[in-house]
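Okay, here's what each chain looks like letter by letter:
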Amino acid sequence: MTVISVHRPLSPVARILLCSQQPAPLYELLAAADDPSLEISSAEIDTADCVATAIERLSLRPFDVCLVDATWDASAVADLSQHIQSSHRSTQVVRLSETAEEIADSGSEPVEIVSLVSPPAVVRRLLRSALQKAKLQSENRSLKRQLQARVLNEIVGQTEAANHLRESVRAAADQDCCVLFYGEAGAGNEQAARVAHLAGRRSLRPFLVIDCPVHSTESLERELLGEPAGPADSAEAEEPGRLSTAAGGTIFLKNVETLPLAAQRKLASILARKSYSCPVTGKTRPLDVRVMASSHIDLATAAQEGSFPVALYECLSACTIHVPPLRDRLQDLGLLTEHVLNHLAVVEGKPVKRLSVEALKALRAHDWPGNLSELQNVIERACSLDESPLLTAE
């Protein structure tokens, strides 16, 4: 039986950037490698004579493949590849080489290399692979953006304050540095941190909360680093620390300003070294968690006054986010109460209740010193006291 390999045409139309001062040979290479599965003849092709021009072209429109001339030196190709990676593009870089030996010795991931003397079938196979890889990466990024948008909608509201918070959290989610959330009690610091975690690349790993006010220096060390097992005749089992159990994920330090000064300095040392000594194994481990923290006070002022370690503040404040109090977003009360009522209906398995116009006016007349936590408590209490489907101001 004869097996016929069929390659479906890649769609939509491929977009290729030829990086060369003399692109004619690149056009000829593409023409020789073309077949119905690639449809190079219908591709959108542009040219760039240097790295700066290539970066400018990439900023104006997306390309699937950058085909780079053999005359470009390795540093120029590296600069182009670095720009593509840092700007989170799906563009694949394919570099031509003069000899097959350069391919064997290149070690130039993520840049693919093809020899000028390669037969058309080899070039065709590499281009098909690059175009398919670009398509898959583009689709993956699109899905990630959709999922991220869904997660970010957990920050409910359409006021300027809510939109700014949502955008700040989105920007923080795309990074991997420490994040410091400032906000009053009950304003939603922990929720904002959780959303930043779920919208980022660590979302499939744990999000662990450490309630700092309950910890001494010794208990924080045990919490973070763990404890080895007791003597052989002891019932004390080994206790892995949060830095181990949260590996790949996020640790959220709630109210970090309440930690004892010695614990704060210990934490600063771990963050600065990006490693810690594990008492369970006795080995030094790299720090593979993202650390987020919250505070009700201005830590910059506290650091200046000496009541908070400067080193810890510098580590935590790589990214700072202000979580607004509820009184600054009273126009969001309608959406916020609807969100709470929908959540209660799901938890209790009951029909969704609604809020009367008069009740909403009464809520907006309150200054909400307890912020979102107070609002949730008020709505929950009203639902427990009133069995009717419509909650009124009475």
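The structure we're discussing is the one just above.
This text gives an overview of the structure that appears in the document. (Residues numbered from 1 in each chain as written. Predicted model: local features only at pLDDT ≥ 70, side-chain atom pairs only at ≥ 80, totals over all residues. Heavy atoms only, no water.)

**A short note on the overall build of the protein chain**
Helix and strand content of the protein chain: 15 helices and 16 strands. Considering the protein chain as a whole, with its 394 residues, one finds that 41% of them fall into the buried category. Intrachain contacts of the protein chain at a sequence separation of at least 6 include 71% that bridge at least 24 residues. (Helix = DSSP H or I, 4+ residues; strand = E, 2+ residues; numbered from the N terminus. Buried < 20%, exposed > 50% of the residue type's maximum accessible area, 1.4 Å probe, protein only. Contact = heavy atoms within 4.5 Å.)

**Examining the sheet that holds strand β7 (residues 207-211)**
Pairing is parallel across the open sheet formed by five strands, whose spatial order is β7-β10-β13-β6-β14. This sheet does not close on itself; its edge strands, each paired only once, are β7 and β14 (320-322). The sheet shows a mean angle of 20° between the axes of neighbouring strands, taken without regard to direction. Sheet topology places strand β6 (residues 179-182) next to β14; three bridges connect them, and they run parallel. Bridging from a neighbouring strand, phenylalanine 181 pairs with isoleucine 321 of β14. The strands that helix α7 (residues 189-198) touches are β6, β7, β10 (250-254) and β13 (290-295); relative to β7, the one it contacts most, it runs at about 155°. (Pairing = 2+ DSSP bridges. Axes fitted to C-alpha atoms, helices over the stretch in contact; angles between N-to-C directions.)

**Some thoughts on the pattern of salt bridges**
Applying the stated criterion across every chain yields a total of twelve salt bridges. As a salt-bridge pair, arginine 202 and aspartate 176 come within 2.9 Å of each other at their nearest N and O atoms. Within this pair, whereas arginine 202 is found in the loop between α7 and β7, its partner aspartate 176 is found in the loop between α6 (160-173) and β6, the two being separated by 26 residues in sequence. We note a salt bridge from arginine 329 to aspartate 332, for which the minimum N-O separation is 3.2 Å. When sorted by exposure, arginine 329 lands in the same class as aspartate 332, which is buried. One network of salt bridges, in which partners are shared, links Asp176, Arg201, Arg202 and Asp288. (Salt bridge = Lys/Arg side-chain N within 4 Å of Asp/Glu carboxyl O.)

**Let's talk about the nonpolar core**
With 31 residues, the main nonpolar core has Leu243, Leu253 and Val256 as its most contacted residues. With five residues, helix α10 (residues 261-273) is the single largest residue contributor to this core. Leucine 243 has contacts with Leu224, Leu225, Ile251, Ile270, Tyr276, Leu287 and Val289, leaving out every residue within four places of it along the chain. (Core = buried A, V, L, I, M, F, W, Y, C linked by side-chain atoms within 4.5 Å.)

**Regarding empty space enclosed by the protein**
Summed over the entire model, instances satisfying the criterion amount to four cavities of 30 Å³ or more. As for the largest cavity, its lining consists of Leu341, Leu344, Ala345, Glu348, Lys350, Pro351, Val352, Lys353 and Cys383. With four residues, helix α13 (residues 333-348) is the single largest residue contributor to the lining of the largest cavity. Broken down by class, the residue content of the lining of the largest cavity amounts to six nonpolar, no polar and three charged. (1 Å grid on protein atoms, 1.4 Å probe; cavity = no way out; pocket = protein on both sides within 12 Å on 5 of 7 lines; lining within 4 Å. Points joined across faces, edges and corners; volume = space filled by probe spheres on them. Nonpolar A, V, L, I, M, F, W, Y, C, P; charged D, E, K, R; others polar.)

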